Every structure is written in structure tokens, then in C-alpha cells.
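Read off the chains here:
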Amino acid sequence: MRKFILYLTVLITISTSAAAQKAVSGKVVDEKDGSPIVGATIRVKNGAILGTTNEQGGFAVNAPANARTLVFTFVGYNELDVAIINGEMLVSMKQASQSLNEVVVTGYQTRSRRANTGSVSVVSIDDIRTQPNASFDQMLQGQAPGINVKTGSGQPGRNADVIIRGKGSINGSNAPLYIMDGVEIRAGDFSTLNQNDFESVTILKDAASTAIYGSRGANGVIVITTKKGRSGKMRLSYDGQIGTARLPENQLKLMNTQEKLDFEMNIAGNPYGWSPAEVEELRQINVNWNDFVFRNAGMQSHQISASGGTDKTTFYTSIGMYDEEGITVGTGIKKYNGRINVSHTDNNLKIGANLAGGWSNYTGTFEGDQSIGSALNTVIWALPYERAINEDGSYGESIQFPFWINPVEDLTENPNRSWQLKGTGNIFLEYKLPWIKNLTYRINAGGDYSQLEGFSIIKNGTQSARQNEAFGQDFRRNGEIARSLERRFRYTVTNSLNYKTSFGADEDHSLSATLFTEFVKNTSREFDYTAYGVLLPFDNEAGLVPGTADNGFIPVVGGGFPENNALMSYFGQVDYAYKGRYYLSLTGRTDGSSKLSPENRWTQYGSVGASWIVSDEDFYHVNFMNFLKLKASYGSVGNQNGIGDFPYLQQYGRGSYGGRGSLSVNRLGNNLLTWEIRSTLNVGADMEFFQSRLRASVEWYSSLTKGLYFSPFVPSTSGGNGALLSNNGSMQNRGIEASLGVKIINTRDFKWSVDMNYAYNKNTIKSLPNGQDFQLYKSFQALQVGKPFNSFYLVRYAGVNPDNGNSQYYKADGKTITEQYDANDLVVLGTSDAPHNAGITTAVSYKGIELSAFGVYSAGNYIYNNARFNVEYNGYTTSGFAKSGLTAWTTPGQVTNFPRLSETTEGSTTRFLEKGDFFRLRNIQLAYTLPTEVVSRLKIQGFRIFVQGQNLYTSFKFQGWDPEVSTVNNFDVNSNAAVSGAQYPSLKRVTVGVNLTL
Amino acid sequence: MKRTLIYTAVLAGSLFAMASCNKQLETTPQTELTELKTFEDVQSALLGSYEGFKSTRYYNNPAASGSASAWSALPDLMGDDMIEALESLGNWRVMSEMAFNADNIAVQLAFSQPYEIISRVNNVLQALPEYETGDTEAEAKTIRAQALAIRAHAHFDLLRYFATEYDRNSTALAVPYVTSFDPLNPLTILPSRNTVKEVYDRVFEDLADALVAFDEGGDPANNTARYYIDKTVVYAMRARINLYAKNWQAAIDDATLALNDRGLTNEEGYVAVFSTDTEAAPSSEVYWAIPSDNAITPGGAISGGNPSYRVATPLSDLIEDLGGAYDEPGVILFNQDGIGGFQRTIVDKYPGVNSFKVFRAGEMMLIRAEAKQRLDDATALNDLNELRAARGVDEGTETGDDLLDAILLLRRVELLGEGHRWFDLKRTTRIINRSECGVADGSSSNNCSFGADSRSWAFPIPFNDIRVNTNLVQNPGY
């Protein structure tokens, strides 16, 4: 029916036009995804309206014979001039990027950015989607102010460490909540998801924005929605890229063979007792171990997606694969994904389902530890005068064995594999209740299932197996196999009832009120074993021989229920707007958690936010600033994440003694344990200048976490394993965030834009339990009231005394110098959490060619360089050693910073503390998009080709592979993210890719 | 029809929301117990107390790990009979160079682990009374006896490190003697340090009570592997404590009681003490052994194929001269190749996974000999020669100070690698002069001499404990 009217309009237009005319036809589509634009207006440049586009975006008009250019306009899109061509025109219109039209997805609902009162950042996912990363969270670095992403590990598939607006908890979780299509997902699962399916990514930062997520949102929320289908002609797309990565340079300089032998003979006192003849022989061997442990690594990814539908039913489906080799030999990830999103509307009813499945196959290596079993450590500790591979092809043995094993053999022969199967999906039903106008009921039910199988082998005869034997674990002498299976399932059911209305004169008042109930349940099961004696020629369980008391190959079996918790919530939200200028939003919430005792299980909190569009006021007459919005919010959010399932109960755990099972208290109960509450005040302003050519926003926040989840040091005399969780102490995070976007040049053909963001966060511990003002924390760190969390606690190093080569230290007073290391001189120093973080993006485009670059900057943090300690420690002169050792003090009067080697190196000093500041050119991309004329002639909908480089340039002083020290750690719970060791170098990578839409 | 469907859906959704209220939040731990419900649970909790000795903080000592291992390898590697070899990764250097401070992690663990065990036995003792009647009475008494003995043993081990002196009536500060477990007030119970005398008083009281309870309940069943404390072990505990306390006569009496139960055997018996093959049925010289459970390596730092510490040359030479059972493989290995061409002598009592022998007959004979000699009892020589004979070593005729020296020297040989040397130094000379020092001597340690004035002869009270419990007073010098 509507079709006919449209046609009629066109006819009328024609009939009123002048005589000499030519027929022009074609189609108008959205530049981004090629979907048809219905109702776009077509007119002659400086002339009359010719018509509008039909349901399929098509048009057929008669233009004056002398007309050369048509102008296309549509609400929310930039006006577009297009030269008239013979034949079908394909017109791609670009959505206007003015912030007011941007939609903010909060997961439960969407709001226009104009109406939003909270602190929210929208990530321009389209700009970063093509970055080759197996784990999506890595890409968020520098994309928005206030989100601090550490991407230090180059290990394929490793998730990043994401902190929003500073760490708010000590023993609770600091990780943000990830929501995809209304369903919670785990960060670790990004390696089995496909970011090409993501349509929008929104970061919620303040209490007004996160309050509706309640306890799960205390550390901020990252909301992801996946692509929906669009009605109209089906679009079939192919996106693919291939590339290669190489090793960056290690800033921790090690000795080569000549240097090492000179060092051993002349400075270190010839610890191996080499004879001159042996030294001569060894000088002939010069091995760069990096050549054997690292490699140039390829990657490829391919995806085919299709989207389309009718005006009632739409669909989006995709299938993709991603294959990335790690630059460390043997490591890599392969993943395969599929997705289908469908929705159907029928009168008052809308139902839909989003379903995705993924499979990933991962081979990794240990990182972030100080273990002598980690290949990424042993590569640094290798001796350059020993061979990695012998001439007969066997792996080189070392004089350092068993304190060192060959990393090449370890990586090649003894892999750590895992396979993850993941299914995530949700169904929703939305019903506009017919008997009350504007009342909508919605139910969203989703599940997230993931199954992780882990497998590792130490083959019989490898140096690793022999190392275990040499260290007295005889039952490990013939190798071992470990396998684990962990299954997690989480389901979320959300019911909501929304009422929207407008009232008053001119409908000045608009109101939206929503009531929610939500239930989230997490369960998991785990099973693992380690079995010994891989004596048959199979690299799996078939290779195992049965264990007996005699051979000692007795398997160790573990498992249990790592997760078993539930969360029940009732909450409501009211959004009120007056004259489209004054906005107010209120949320209130009550949460019940199974993790807390029945008496302390429920809590209530809420938030209030308001915003005011000043520039819409009659009195506003600032011409250069065309938009000004002020906003403020205050609210509280509870936290109960990261505290285990039963932190309030005294628990007896299992053990064994003499082959019999035993029970012992492994946690002290705390019936009073309740919610940790983080309250945030946020004020900000959004501004646009010079007809929105320049956009800026500034926010200030102050958040205070009270009832901090904290495992206080329990007096040893109280026993119970010292394991107690209490609500004690408080911590403040205060900061400012600013972002600026400028379109420096914005002509039709030539565009240049710059976007910057910067955030500063100051963390302060306000109080600790029981009136304490100080407590030792992890290795090399302490908690002190008035200082930031994760502050280092070390003795200040004052260089070397030239007279005797002794290390010198500052006494606690900071002035007196002593040669005596004394724990009483330990002082609280800077923090390992960077307070300054910034991102900058610039893009230049000329016609279809676009060059864009994206850099990140981080400053103000410190890293304890344990990797350097391990190659400068005076006891390790028999291993690979730092080049700096050549300057070790040997003769009186020698001025150097490296003390005499006969002095035992003290670890807890600032000699090994380094600044973590860096600037990184994270991505640079050159792309070419085929012009619409060519595209339409080729009968396709779009074609783009690009080449990009990742991490091509990094400026930093830290003496290691990378200034971003990964928090990923495998064994040691007492180890610390701020301490470097076994770094997996981040990659320098170049890829080329295409996006083709048919 | 359609509308009905929708109503149903809405209704179902709302009902789901209601039903899932509080009941859905009831979850219970499935891999942990929240209270000791049955007598079997209490029995398991006693085993849980014993299990605390298996910790790397107490008797387990994995190689190259830097674990505290405070009562297995640590007293040896801190003494003068061990040299840090060039192979060492330096993980124990702060300890063997006696350079530890109050924030030292090994010191912290040496303080907290005995209290961890003490809290477990106190918990058992609190749960026990209701079972000390009826069918379970005998077994409950036996549990009580073991729990009391464990409590005494752990407190005495604390005293050995944290007290500045060992005299029976010393008013110097030792450690708090803790006799109750209150899981609900862990932060507010802040005991002060008892004096050395007070700790001795309570240790002896607990051990006396343990003997009474053993008389009532009998020795533990199924104890051929000697994993559990029985009366003989309690005598042995008292003998050792009396030796430290210089209660010479009491030490003689207790050692005699223990030796009467399980005396010395012969050369083979000595070597068999440390054999991994005999863990299930060890030599009759073994009184109490901490089971290996196929995982514990009690001598990782000082024994096995690649220890960080080797035997000092003078002691090695002496052992080679002595011969007998002492230079047998399975006890010691000579001339092992080391870095820099140094020939190492290595303790071989823990070639790998092995149980740790806490008390055995050899120590009792040495205690008795020493105590007798301190009392100028001439029969001390008989005891010494009895031990020498049992080890296949030449007998002697020493008297006076020579006899005492000979007893103390044989003590170093007999008990090498078993967690005694540093404590023996502490209660005698308080002087350490290691025979090899620096790279030229094949040692990666450069600080090798310590005198009686060193503060390190008593461990500092750990920094964190002092902070939270202001009733604790720090040892001098820290």
C-alpha cells in the first residue's frame, strides 16, 4: 500500500517538472553496512526536489537535462552530492556523527546520548574491528578515557587486564562486567568469540550508569551488542586478512659469548673453572637463543556473514575462522565461530534469538612467573656458548642442568594445550500490552556455556622430566600427562515492564519507568588429574603405564565445583525529561547474593543522575559553542565478585596424611561479611564547538569503596590458615577524564580528524582494618593509608661506593647513606598502577583512501624488574647474564652503578625498580575503498582493502620486552603483576585485508 | 488463541521471578565441610593436624624452592656443616647468611605454621569431650593424647627459633602458648609472649597429660609406619626438650624410657632408617616419621642429586675417616661432580620422595650420653660407644671435655641433615665459621662467619604479627 503512495508522489513530481529531462535511477544505501535508506530525499543541486527513495532504497527520477549533480538528504545522515551518471547509481550515505544522535546502549535499554545523565563511553568498534587480536578486550586500550587496558602479553588469545576508573577493591574483583546481548560473559572467553559480530561496545563508568547492573557492575560495565539483521536485499560479506608478526627488541641486554666468557674469566672469578683451552673452544660457539625460541609468526582470519530480511523478520548470520601463530615457538590459537541472530515482529509482539558458538584450539606457554620451568625465563638464562640444537638435530644439553632446561625442547616437545567450546545465546520476547498504551513487557533469557579442556605433557626423556627427577621427584622421572576439564554454565533471566508516556502542554514532559527482576545463576564442575610414567610411544593417555606402589606412578586426581552461586535482583529505573532539555534518571535496586550469609545477603542501593542541555536555553547565545550539556550523578553500587562462593562460612578442606584423608580448617568464617559498596560522584560537561567540528567532554569523579573486601592479616596465633575475609577499610579513586575530537579538515574529498582522550586516576587507601595504617602486601609491596594501592615498599638504592664496590642505600630518613641493607629502611614508594593514560587517533582521508593511526600513552607507574634481577644477581653468574655485569665493580676508585659481584645482591631495593612509562603506536592503517560508481558497475555493494601495522613503534625505558607487564600468572598466587618475569613479548605485526560486500 | 499464549508467557515470567526468590540463593559447599559433625570427622581433623607437618613450611623441602622448611633442611643449611654450592639459586641465602629481617617470609612461615597446627589440635580438643564416653571413649582418649603431644611439640619448635635462650627457668621471652581455637574472633585474641619457663611448664604439662591419656586410650592403631605419635614419641619429645632445658637427669630418664621401648639396632638398621623402600615398615629405630605420601621431599635443599648446599669439607673428611654406616650410599655421597670442578659431598638421606624422621633412637642415645657427661657421669662413654658400635665405628676411651666434644661431634655426624645443627650451635657455642666461602672455594655465599653477638640467634617476631598483635614484643636487635 505504502509502495503505491510513494510511486504516486514520484509521478506528481514528474508531472510538475519542466520539459527537457533525463531519467536517473539508482539506490541509496548506508555507507556502513549497505542497508537501504528508505525515504531519502533527492533533489537537483540548487534546484527542486525530485523525489524520495522507496522501500528498497531505490529511486527513479527525471532530472533536468542540464543537471549534473544530485543532492541526497536524510535525517541523521550527512548531506551528499553525487554526480549524475548514466546507468544505475549507487549512493552511499554516511551517518552524521554528531553526538546527539548516537545511541547509548546500556544493555537493558538504549538512550540517546543527549538524554544520558551518566558517564558513558562509546567505543567506535568499526575503527578497531580489523585489528588482528584473538581476544577482543585487548583492542579497548586507549579507546575511551577512564578505561585502563594492559595488553602486555603477546601470547595469542590471552585476555587483557581491564580496569575502569582505578582499582576499587583489594581482595574482591577489580574486573569489569562484560555483558553481551544482556547476558554476562567472562573476559577469558573473548578468545572464543568473534568481534566481527559486535555491533556496538559501550563502557559504563559511573554509578548512574552501572547501578542497574547492581553488584556485578561495581567495577564498571562493558556492554556489547551483536549485529542485527536489516530488512531489504540480502547482503553477503567477506572479511579477511593475512599477516605476519615479528619479535620486538628486548631492552634487557644480555651478554654474547665473547662478553660472557670475558665476564666469567675476568670479573666473576671463573665459576665454572674453565681452562684456557676450554674458553677458546667455547668462544667458537655464539648462539642467539632468541633465534630458536622465537619466530616470525603468521596469522589469517576469514569471515563470511549474511544479513537481510523482510519488514517483519530480519536475520544476521556469520561464520568465521581465526588462526594466529605465536611468535614463541609452538604457541598459537585457532578459533572457529558461528552466529545467528534472528528477530521477528508481529503486531505487538517481537521475539528474537541470538545464538553463537565457538571452538578454539590453543597452545600456550607459561608467562609472568619466576619459574625455572618457564621457557620464557630459560631463554633469557641460556648460555650463549651452548647450543640450542646440536649438529645431529638433538636438543642441546647444558652445564646448568638441572637448574636450567632447554627452552626449545620444552616448547617443542612438551606443549600446553587447551580446547574451549563455547555456546552463548539468548532469546527475548517483547510484548506491547494491548490493554494499556505504552506498556511493554520484555523477557530476556540467556545462557553462557563454556567448556575448557586442558592438556599438558612432559615426555619421557625430555630435560623437563629429568629435571623433576633430579630434584628428587622420582615418580616424575618418566614424564607425565595432565588433563583437566572444566564446565561452566551461567544463565540469566531478566523480566521487565516498561511504561512510557508524555504529558503536559506540548507534551513537554516525558517519562519512562521500568521495573526489572533478574536472576543469575553460576555453576561449574571441574575434574583434573596428573598421571606419571609416559613409557609407551604415545603422547596421550595410551602412553601411560599403570601406577603401582613400586613404580610410584600414582596419579593425582582433583576436581570439584569451583563455582556455585546465585544472585537475585529487583530493580527499577525512571527516566524523566522536560522540554528535551532537562533530564533526570533514578535507579533503585535490591540484590540478594548466595555468597553472603542469609542475614547479610540482601542490600539496597541506587543512584540519581541529571543533565541539562544549556545550549538549548533561550538565553544561550554563545555562537562558537553550539552545544553544551552539563551532567551530574551520584550513586552506590555493591560488589560481591571475586570473593569465592562461601566466604562467610568456616570451612574444612580436604588433605591427606599417611594415605588417609584428613580435614583441616582452611578458612575462618565471618558471619558479619556483607557487601562492599562503591559510591561515585560524577560531574561532567559535553561541549561542541564550531558547528560540531570540535567536540569535547570533561568529567570529574570521586569514588569511595567502603567495607572493602579485605583479607586482613590474621594473627598467626589464631590459626585457621589465616584465611579470613572481612569488610574493612576504604579506598578512594578520584580522577578526571577528558576527550577531544576535532575535524581539522572536513571537505567532501579531503578529511582530517584527530581524537584524543586522557584520564588521570588517583587511588588512595583511606583506611585499613582495625585502625591499622600499614600492612605488608604482595612481594615488594605494602598497603599504607594515604598512599595508593599497589605501592612499592623497598629500600632506596644509592649506587655503588667506588672505594669498595659495596651497594649503598638510603636510610629511612632519605639522607643518610649506609652500606648496610636494613629492613627498617624500607619505605613506601610509587605504585604499579599507572595514573596517567591517554589515547590518540588521527585519520586522514582523500576520496577513498584513508590513513589512520592510533597511539596510546601511559605514565606514572613503576615496575619491579625481577627479570633483570635474575640476570644481575651475583649468584647467577653461571647463567645468561645482563650486559651491565661487564661494568661490575672490580677495582678501588671505579665509578660504576653495578656493585662488586662478591656482595650478595639485595632484592628489596629500588635498584630493580623501573618506570613503566610508554608511548605506543598501537595501530596504523592504510585503506582504500572503491568509489560507489565503480562498485555499482561491478554489481557489488562495497569493496575495501587495507594494510595495517600493530605495535610498530613503542617508546619506553623499561628494560624488558615490553613496558606493559602482563598480570597473567600461572602458578604463584603470591607473585605480583607489578613484577616482571617470563614476559611473552608483544608482537610487531603487519596484515593486509579485504572487506567485500555482495 | 495467540493472545492466550502471550498472557501465559507473561504470567509464567512473573511467576518465575517470584518463585526464584530466597530459595534460589540457598547454596551449600560441596567440597568443604562447615563443621565437625561426627566422630569420624574429628578423627579426620586429627589427621588434618598431623598434615600440617607435611607443609613446606615445616618438614617438606622441595628442591630449589626457597621454602621455609623450618624444621627439616633449614637448621642444617643455616649451620656450619653445610656450604652453599655454586649450583644454588640463592633461594635460601638470606637464611644461611643469617641476614633475615622481621619481614622475611621464611621467618613469617616458621612462626605461623606451628600455630596453624596448634589451632587445628585445639579445635580437635574442643570437639572431643562429647566422644570421650561410651563406644568411642578409648579412641577419643588416644586422639586427645596425640593432640596434646602435637601441641607441645609445635610450641617447643617455636621456642627453638624465637626464644633467645633455652634455660629451664629463663624469664626471657619465648612465644605465646595457645590452648584454644576461636574461629569467630581471630582478630581480637592477641596473646602476649610467654617466658621460656612458662612455655616449658605448659609443654611438660601437655606431655604429662598426653601420657595419662595414652594410658587410658592406648597407643594409636595401625602404626607400623610410625606416622602417629605414641608413648615412646612422647618420651623422646621430653628427652629432647630436657636436653635443651639442661634438665640433664630428666633427659637421661626420658631417653632411657624411649630407648627401652625401641633401642638401637646395627649398621644396616641405621642405613634402613633413610631407605625409601622401608617407609611402610621402617627400622625399629624410627619413632615418628612424617609420611611422604608420594610427594614430600624433606631434603631438597641439602640432599638428593642436586642440592643447593653440600657438606662442608672438614665434616666430609671426618665422615670418610669414620666409615661404618656413616659413609654408606643412602646416607652420604662423596665426590659428586659440581660446577667449577668442585667435588661435592652430598647428604643422601633423602634421595627424593621420602618420609621425614622426626625422632629416632640414635638421637636418644646421643641425648643420654650428652646429659650424662654434663653430669660428669662416666657411663656417658658407654652410651657413646654403644652408638659407635651400632654404627660400625671404632669405639673410644675419651673422658671429660674430650668426651663431651666427641659426643657433640658424633651428634653432627649421626644427625646430619635431620634438622639439628643450628639449634645445637645455638644451645652451645653460638659461633659459625664456615670452612669454604666465596667463588674461589666453590661457594656462592660470601658471608660465612657469625659470632655469639649476632641478633640472628633468635628469629625476629614477624613484622605482620607484631603489627596486628601489639602485645608481642620484638626480640633484641630487630
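Residues numbered from 1 in each chain as written. Chains lettered and ligands numbered in written order. Predicted model: local features only at pLDDT ≥ 70, side-chain atom pairs only at ≥ 80, totals over all residues.

Overview of the overall build of chain B
Each helix and strand counted, chain B has 16 helices and 8 strands in total. By residue count, 57% of the 478 residues in chain B fall in the buried class. The contacts in chain B between residues at least 6 apart in sequence include a share of 69% that link residues at least 24 apart. (Helix = DSSP H or I, 4+ residues; strand = E, 2+ residues; numbered from the N terminus. Buried ≥ 20, exposed ≤ 12 C-beta atoms within 10 Å, placed from the backbone. Contact = placed C-beta atoms within 7 Å.)

Looking at the overall build of chain A
In terms of regular secondary structure, chain A is built from 11 helices and 52 strands. Principal axes of the C-alpha set define a box for chain A whose edges measure 105 × 65 × 65 Å. Relative to its 998 residues, chain A shows a buried fraction of 49%.

As for the environment of A:Ile304
Residues and elements named next belong to chain A. Along the chain, the position of Ile-304 falls in strand 18 (residues 297–309). We classify Ile-304 as partly exposed; it has 15 C-beta atoms within 10 Å. Along the backbone, Ile-304 and Ser-318 are 14 residues apart, and their C-alpha atoms lie at a distance of 5.6 Å. With residues near it in sequence (within four places) discarded, Ile-304 still touches Tyr-238, Ser-318 and Ile-319.

Here's the deal with the sheet that holds strand 44 (residues 817–818) of chain A
With antiparallel pairing, 3 strands are arranged side by side in an open sheet as 42-43-44 (chain A). The open sheet terminates on both sides in strands that have one partner only, identified here as strand 42 (797–800) and strand 44 of chain A. (Pairing = 2+ DSSP bridges.)

A look at the packing of helix 13 (residues 380–390) of chain B against helix 14 (residues 400–414) of chain B
Residues and elements named next belong to chain B. For the pair helix 13 and helix 14, the least separation of the axes is 11 Å and the interaxial angle reads 30°. Taken together, the axes of helix 13 and helix 14 are roughly parallel relative to one another. The interaxial crossing formed by helix 13 with helix 14 has left-handed handedness. Contact residues: Ala-380, Leu-381, Leu-384 and Leu-387 in helix 13; Leu-403, Ala-406, Ile-407, Leu-410 and Glu-414 in helix 14. (Axes fitted to C-alpha atoms, helices over the stretch in contact; angles between N-to-C directions. Parallel < 35°, antiparallel > 145°, perpendicular 65-115°, else oblique. Left-handed = near helix turned anticlockwise from the far one by under 90°.)

Some thoughts on the interface of chain A and chain B
Each side of the interface is counted separately: chain A has 78 residues, and chain B has 85 residues. Of the residues belonging to the side of chain A that touches chain B, the class tally is 35 nonpolar, 38 polar and 5 charged. (Nonpolar A, V, L, I, M, F, W, Y, C, P; charged D, E, K, R; others polar.)

Topic: the nonpolar core
One recurring pattern in soluble globular proteins: nonpolar side chains tend to sit buried together. Counting residues in hydrophobic clusters, the biggest one holds 244 residues, and the most contacted among them are B:Leu77, B:Val124, B:Ala149 and B:Phe162. By residue number, the principal contributor to this core is helix 6 (residues 137–162) of chain B, which donates 14 residues. Not counting the four nearest positions on each side in its chain, B:Val124 is found in contact with B:Val42, B:Ala45, B:Leu46, B:Ser49, B:Ile143 and B:Ala147. Formed by 41 residues, the second largest nonpolar core is a distinct cluster that contains A:Met139, A:Leu140, A:Ile179 and A:Ile185. (Core = buried A, V, L, I, M, F, W, Y, C linked by C-beta atoms within 7 Å.)

Describing the pairing of strand 38 (residues 750–767) of chain A
Residue and element names in this part refer to chain A. Two elements, strand 37 (residues 730–746) and strand 38, share 16 bridges in a ladder whose sense is antiparallel. Counted as the bridge partner of Met-731 is Ile-765 from strand 38. Following strand 37, the chain reverses through 3 residues before pairing antiparallel with strand 38. As paired elements, strand 38 and strand 46 (residues 836–846) share 11 bridges and run antiparallel to each other. Paired with Ala-759 across the strands is Asn-837, a residue of strand 46.

Regarding the packing of helix 6 of chain B against helix 7 (residues 196–217) of chain B
All names here are of chain B. Running from N to C, helix 6 and helix 7 point in directions that differ by 160°, and their axes come no closer than 8 Å. The orientation of helix 6 relative to helix 7 falls into the category roughly antiparallel. With respect to the hand of their crossing, helix 6 and helix 7 are arranged in left-handed fashion.

What to know about the pairing of strand 28 (residues 582–593) of chain A
Residue and element names in this part refer to chain A. Relative to strand 28, strand 27 (residues 564–578) is paired through 12 bridges, and the arrangement is antiparallel. Bridge assignment links Tyr-570 to a residue of strand 28, and that residue is Thr-590. Turn length for the strand 27-strand 28 hairpin, with the two strands adjacent in sequence and antiparallel, is 3 residues, and the turn residue Lys-579 shows positive phi of about 55°. With 11 bridges joining them, strand 28 and strand 29 (residues 602–613) adopt antiparallel strand pairing. Paired with Asp-591 across the strands is Thr-603, a residue of strand 29.

Section: the confidence of the model for chain B
On average, residues of chain B carry a pLDDT of 93, and 96% of them reach 70 or more. Interface scoring of the predicted complex returns ipTM 0.93; its pTM is 0.87. (pLDDT = per-residue confidence, 0-100.)

Describing the sheet that holds strand 45 (residues 827–831) of chain A
Residues and elements named next belong to chain A. Spatially, 4 strands are ordered 39-40-41-45 in an open sheet, and the strand pairing comes out antiparallel. Each having just a single partner strand, strand 39 (774–776) and strand 45 make up the two edges of the open sheet. Taken pair by pair, the neighbouring strands of this sheet meet at an average axis angle of 40°, ignoring direction. Note that strand 41 (residues 791–794) and strand 45 share 3 bridges and pair antiparallel. Pairing of Ser-791 across the sheet is with Thr-831, part of strand 45.

Quick look at helix 7 of chain B
Residue and element names in this part refer to chain B. Over its 22 residues, helix 7 extends 31 Å from the first C-alpha to the last, a length consistent with the 32 Å expected when each residue adds 1.5 Å. Looking only at helix 7, the buried set comprises Val-196, Val-199, Tyr-200, Val-203, Phe-204, Asp-206, Leu-207, Ala-210, Ala-213 and Phe-214. Of the residues trailing helix 7, Gly-218 is marked for its positive phi of about 90°. (Expected span 1.5 Å × (residues − 1).)

Some details on the environment of A:Ala175
Residues and elements named next belong to chain A. Among the structural elements, Ala-175 can be located in the loop between strand 12 (161–164) and strand 13 (177–180). Taking the C-beta count within 10 Å as the criterion, Ala-175 has 20 such neighbours and is therefore assigned buried. C-alpha of Ala-175 to C-alpha of Gly-269: the two residues are 94 residues apart in sequence and 49 Å apart in space. Setting aside anything within four residues of it in sequence, one finds Ala-175 in contact with Val-162, Ala-187 and Asn-219.

A few points about the environment of A:Val201
Residue and element names in this part refer to chain A. Of note, Val-201 is situated in strand 15 (residues 198–204). For Val-201, a count of 25 C-beta atoms within 10 Å corresponds to the buried category. Not counting residues up to four positions away in its chain, the partners in contact with Val-201 are Val-123, Ile-125, Ile-222 and Ile-224.

Description of unusual backbone geometry
For residues that are not glycine, phi is negative in most cases, and the peptide bond is trans in most cases. The omega torsion of the bond from A:Phe401 to A:Pro402 falls at 5°, within 30 degrees of zero and hence cis. Located in the positive-phi region is A:Glu507, a residue other than glycine, with phi close to 50°. Relative to the assigned elements, A:Glu507 resides in the loop between strand 24 (480–503) and strand 25 (509–532). According to the C-beta neighbour criterion, A:Glu507 is exposed, with 10 such atoms within 10 Å. With a phi close to 45°, B:Asp293 is a non-glycine residue in the positive phi region. By the secondary structure assignment, B:Asp293 is in the loop between strand 2 (286–290) and strand 3 (309–311).

Notes on helix 2 (residues 39–51) of chain B
For helix 2 of chain B, spanning 13 residues, the distance from its first C-alpha to its last is 18 Å, which sits close to the expected 18 Å at 1.5 Å a residue. Taken across its 13 residues, helix 2 of chain B has 10 buried, putting it largely inside the fold. Within helix 2 of chain B, the full set of buried residues consists of B:Val42, B:Gln43, B:Ser44, B:Ala45, B:Leu46, B:Leu47, B:Gly48, B:Ser49, B:Tyr50 and B:Glu51. Buried residues along helix 2 of chain B sit against strand 31 (651–657) and strand 32 (660–667) of chain A together with helix 5 (105–127) and helix 6 of chain B.

Examining the confidence of the model for chain A
All names here are of chain A. A residue-level look at chain A finds 95% of positions with pLDDT of 70 or above and a mean pLDDT of 87. Here residues 1–19 is a poorly scored stretch, pLDDT under 50, and it has 13 contacts once near neighbours within four places are set aside; other chains count. Here residues 968–975 is modelled with pLDDT under 50, and outside its nearest four sequence neighbours on either side it reaches 17 contacts, counting other chains as well.

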